[in-house]
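Coordinate inspection notes
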Amino acid sequence: MQTPLRKDLETPLRGVRTNIVQSIRAFRVQDLQDAATSMGHHFLYANLAHAQSKQDVLDLIAAQFTFPSHFGKNFDALYDCMTDPLHKSGPQPGFIVVLEQIPATGKFDKEAREQLLDIFRDAADYWGDRKIPFRCFYSFL
């Protein structure tokens with residue numbers, strides 16, 4: 001007999017809004033991955049520790065999220081890959097995204113970090129409008 005998927009209340013995500021972008025602070029990546037698995041959600045993980053620039057960040061996200069080869073490698077293309085094509089591919093169960101060690105360098109400054117997080121906030125809103133959970137957790141290097 002197959003065990004049913006756990007609800008949010010039985011995971012480390014209880015009390016975490018369903019559509020949010022927040023610091024990973026109290027969570028471990030493995031716990032988030034396990035929660036995604038137990039809820040049947042997509043788990044997307046990118047470690048950005050080796051990125052120095054916006055292009056590096058986009059390259060690493062594209063590779064680790066396995067974006068299509070035609071990915072435009074700019075913030076607009078990132079938003080597009082996180083939203084519309086997935087929506088058009090059929091029903092989505094939900095998403096848990098982890099952006100670990102977002103760089104803080106001269107070529108990826110505070111403004112660039114906020115722009116990156118804004119893309120994921122916009123994606124959370126997009127999915128929220130469709131009643132699909134989208135939680136993004138991040139940490140800075």
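Thresholds applied
- Residues numbered from 1 in each chain as written.
- Predicted model: local features only at pLDDT ≥ 70, side-chain atom pairs only at ≥ 80, totals over all residues.
- Heavy atoms only, no water.
- Salt bridge = Lys/Arg side-chain N within 4 Å of Asp/Glu carboxyl O.
- Helix = DSSP H or I, 4+ residues; strand = E, 2+ residues; numbered from the N terminus.
- Phe/Tyr/Trp six-rings, centres within 6.5 Å; stacked < 30°, edge-to-face > 60°.
- Lys NZ or Arg CZ within 6 Å of the ring centre and 35° of its normal.
- Buried < 20%, exposed > 50% of the residue type's maximum accessible area, 1.4 Å probe, protein only.
- Contact = heavy atoms within 4.5 Å.
- Pairing = 2+ DSSP bridges.
- Axes fitted to C-alpha atoms, helices over the stretch in contact; angles between N-to-C directions.
- UniProt positions renumbered as here; feature names shortened; annotations may be inferred.

Details of the pattern of salt bridges
One pass over the structure, following the stated rule, counts four salt bridges. A salt bridge links Glu114 to Arg121; its shortest N-O distance comes to 3.3 Å. For the salt bridge of Asp118 with Arg121, the shortest nitrogen-to-oxygen distance reads 2.7 Å. Remark: Arg121 and Asp118 occur in helix 5 (residues 110–129); sequence separation between them is three residues, near one turn of the helix. Beyond isolated ion pairs, a larger network of salt bridges with shared partners links Glu114, Asp118 and Arg121.

Points about the packing of aromatic side chains
Describing an aromatic ring pair means giving the distance of the ring centres and the angle of the ring planes. This structure, assessed with the given rule, holds nine aromatic pairs. Through successive ring pairs, a cluster of aromatic residues spans Tyr79, Phe95, Tyr126, Trp127 and Phe134. The aromatic ring of Phe140 is capped on one face by Arg113, whose charged end is 5.5 Å from the ring centroid. The ring of Tyr126 has Arg130 sitting right over it, with the charged end atom 3.6 Å from the ring centre.

Concerning the side chain of Gln22
Following the sequence through the fold, Gln22 ends up in strand 1 (residues 19–23). Exposure remark for Gln22: the relative accessible area of 18% places this residue in the buried category. Once you skip the residues sitting within four places of it in the chain, Gln22 turns out to touch Val16, Phe27, Cys136, Phe137 and Tyr138.

Points about the sheet that holds strand 3 (residues 95–102)
Taken in spatial order, the four strands line up as 1-4-3-2 in an open sheet, and their pairing is parallel. Where the open sheet ends on each side, the last strands, each with one partner, are strand 1 and strand 2 (42–47). Neighbour-to-neighbour, the strand axes of the sheet open up by a mean angle of 10°, direction not taken into account. Pairing between strand 1 and strand 4 (residues 134–140): five bridges, direction parallel. Residue pairing in the sheet places Asn19 in a bridge with Phe134 of strand 4.

Some points on the environment of Gly94
Mapped onto the elements, Gly94 comes out in the loop between helix 4 (84–88) and strand 3. Since its relative accessible area comes to 0%, Gly94 is described here as buried. With 27 residues separating them along the chain, Gly94 and Phe67 place their C-alpha atoms 18 Å apart. Contacts of Gly94, omitting those with residues within four sequence positions, involve His41, His42, Ile132 and Pro133.

Observations regarding the UniProt feature "domain: Barstar (barnase inhibitor)" (unreviewed entry) in the protein
Residues annotated by UniProt as "domain: Barstar (barnase inhibitor)" (unreviewed entry) correspond here to residues 42–138. With 45% helix and 20% strand, the stretch residues 42–138 has end C-alpha atoms that lie 16 Å from each other.

A closer look at unusual backbone geometry
The phi dihedral of Lys73 is positive, around 55°, even though this residue is not glycine. Position of Lys73 relative to the elements: it lies in the loop between helix 2 (54–64) and helix 3 (75–82). Owing to a relative accessible area of 38%, Lys73 belongs among the partly exposed residues under this scheme. Residues other than glycine seldom take positive phi values, yet Gln101 does so here, at roughly 60°. Its location among the elements puts Gln101 in strand 3.

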